[in-house]
Amino acid sequence: MRVFSFATAEKRVEYLWVLRAFEQARSRYVVLLHAADVSRILGEIGDGVSGESGVSGEPLPSPDVAALLDQLHQWGVLERTHDGSRAATLAEYRNRHFVYQFTDLGFEAFRAVEGVLAAGPDEVSLSRAALPDLLADLTDLADANRDGDAERVARKLGRLDATLSDMADRAARFYLSLGTMVRTTDVTPETFLAHKDALLTHMREFSSDLARYAPRLATAIREVEESDIDLMVARAVAHDGRILRPLNEREADWRQRWAGLAQWFVAADGALSEADRLRDGTMSAIAAVLALLRRVTENRKGGVSRDSQLRHVAGWFAAAPTEDAAHALFQAVFDLDRPRHLSGVHPRAEETHAGEITEEQSWWEAPPVEISRTLAETGRAPAAGVPHRVHRDGPGVRRLRDAQLAAQRSRAGAAASLAEAGAYTRPLTEPETDVLLRLLDTALSSRATVSGSVHWGDARDGGAVLTVRPGEGATVVDTARGRLYLDGIEVDVR
């Protein structure tokens, strides 16, 4: 897993672009790259990367990529070798010019990360077009095995394996996305009603095609098996390009691939085949989608949903005449004052000097019970043994600190701009509006009545001081959120 370290490191964007430079060079049949070559390729692709998926708007690394290359070499993503042909003098030769290339594991890790960045949740579908291709390839495989064409047998077996693997992967991702949609409660009626016809049509057509092709595919598989499976596997192994793997492993691999392919369409020992399970799953999914459609339609007609219920409850809370009535309403609606998932034992009465504590006594009235930090934070009772390791998220802490410093700098700049130009001379920007509202809230909260008169206070934030004074009429401040009317007061920012 060490080869995936570049995807979670602090400079993960820079590492990704360096590896993309190697991928672009690889497409030009250039494998070995020097640090200068990587910088040159990054310069060539630097103008057209703003729209790339996963890193939109991120800057490219600086031309000095030697440190990035060395770190990728330490993680095992790149392989480093010495290139003495680049040295023009003895001093340059001693400086050891290095060239880099992908390792096998590093290239697979890079492809995996790029696949995740490029994955789109809307691109999942059931592969209907694969069924006729499977039938044609199975027929050709049986003919090739009877004719003794070993090269054709290996080619057809490889294509069948790739087609079936893609079909299984598409089906798994499709039903995963469909299950997420069926379980969710955030689907709006407009979105669902706009796509339900295409979704149901797609599933029905796939189920119909699968039911039509499954018997024919099972017959084609039996014809291949009747043409001698052992001879077919031997011919496929003879033309297998994986020469570094032992012969027995390649033979076992091809037998396992064929068994998996046959299991998809031919039931064994009375059990359902994978095609039957897929067809049953499609019908169940259609029923689930129709049920969800009915629920969405009923909610749309009746006007009752989780959103409307919470809005009604919020209105009741706002209209509660007293605080006790609001607490009673909270108890009736949510019933959260009796956490039955947590239990604790009070100390003995003589230790607490509080008398006997009965089980009927409310949690609000009973004295608190001391519990362990582990139980409070994780919900699990502490166990004897070695303490758990403390996980320190260094990169996460640095990102939060950088965001905090950026927010402080933005607030300080807005405060300085607000103090320099005042609050009434022009429309305020969003940061200036935020600073003004913070200062105004603090200043109004600090008012005090002394000897029958109101004492106005000041407020400070980000280097700006706001003073509130009584005024005649209403003053208006144009902000980024609209006009702010201040009745009877004026503000002065310095």
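Along each chain, residue indices are assigned from 1 in the same order as the chain's sequence is written. Restriction of local features to residues with pLDDT of at least 70 applies here, the model being predicted, together with a cutoff of 80 or more for giving and counting side-chain atom pairs; totals for whole chains, interfaces and linings are based on all residues. To get the side-chain values, take all heavy atoms of the structure and skip hydrogens and water.

Trainee: What is the right way to look at the pattern of salt bridges in this model?
Mentor: Close approach of charged atoms allows side chains of opposite charge to pair. We define a salt bridge as a side-chain nitrogen of Lys or Arg found within 4 Å of a carboxyl oxygen belonging to Asp or Glu. For the coordinates displayed, the defined rule picks out 21 salt bridges. Across the pair Glu-44 and Arg-40 runs a salt bridge whose closest N-O atoms are separated by 3.2 Å. Of the two residues, Glu-44 and Arg-40 are both situated in helix α2 (residues 35-45); the distance of four residues between them amounts to about one turn of the helix. A salt bridge links Asp-161 to Arg-257, with the shortest nitrogen-to-oxygen separation between them at 3.5 Å. Helix and strand labels come from DSSP, where a helix needs a run of H or I of at least four residues and a strand needs a run of E of at least two; each type is numbered from the N terminus.

Trainee: Looking at this structure, how should I read the sheet that holds strand β7 (residues 482-493)?
Mentor: In sheet architecture, strand pairing relies on hydrogen bonds along the backbone and comes in two forms, parallel and antiparallel. Strand pairing follows a simple DSSP-based rule, namely that at least 2 bridges must link the two strands. In spatial order, the strands read β5-β6-β7; together these three strands make up an open sheet with antiparallel pairing. The open sheet has two free edges, formed respectively by β5 (458-461) and β7, since each of these has just one partner strand. Taking each pair of neighbouring strands and ignoring which way they run, the sheet shows an average axis angle of 55°. By the bridge criterion, 11 bridges tie strand β6 (residues 464-479) to β7 in an arrangement that is antiparallel. Counted as the bridge partner of Arg-469 is Glu-490 from β7. Geometry is summarised by axes, namely lines fitted to C-alpha atoms with helices restricted to the contacting stretch, and by angles between N-to-C directions that run from 0 to 180 degrees.

Trainee: What's the story with the confidence of the model for the protein in this structure? I'm lost.
Mentor: Reading fine detail from the predicted coordinates is not recommended where pLDDT is low. Confidence of the prediction at every residue is given by pLDDT, a number between 0 and 100. The predicted model of the protein has a mean per-residue pLDDT of 77, with 77% of residues at 70 or higher. Confidence, expressed as mean pLDDT per element, reaches its minimum in the protein at helix α14 (residues 349-352) with 52 and its maximum at helix α13 (residues 323-334) with 88. Contacts between residues were defined by any pair of non-hydrogen atoms, one from each residue, lying within 4.5 Å. In the predicted structure, residues 49-59 sits below a pLDDT of 50 and forms 17 contacts with residues beyond four places in sequence or in another chain.

Trainee: I keep staring at helix α3 (residues 66-74) and nothing clicks. Help me out?
Mentor: An α-helical turn contains 3.6 residues, so any two residues separated by three or four positions project in the same direction. Those residues of α3 that fall on the buried side of the exposure criterion are Leu-68, Leu-69 and Leu-72. Mapping the buried residues of α3 onto a view down its axis gives an arc of 100°, with all of them on the same face. Away from its buried face by more than 90 degrees, α3 exposes Ala-67 and Gln-74. Against α1 (12-27), α2, β1 (78-82) and β2 (98-102) lie the buried residues of α3. For each residue, the accessible area found with a 1.4 Å probe, counting protein chains only, is set against the maximum for its type, and the residue is called buried under 20%, exposed over 50%, and partly exposed in between. An arc is given here, and it is the one of the directions from the helix axis to the C-beta atoms.

Trainee: How should a nonpolar patch on the surface be read in this particular structure?
Mentor: Patches here are clusters of residues that have more than 30% relative accessible area and form no salt bridge, with a 9 Å joining cutoff for like charges and a 5 Å cutoff for nonpolar side chains (Val, Leu, Ile, Met, Phe, Trp, Tyr). The Shrake-Rupley method, run with a 1.4 Å probe sphere, supplies the accessible areas, and residue values consider only the shown protein chains as cover. Together, Phe-330, Val-333, Phe-334 and Leu-336 give the surface a local cluster of nonpolar side chains, amounting to about 350 Å² of exposed area. Mapped onto the elements of the fold, Leu-336 is located in the loop between α13 and α14.

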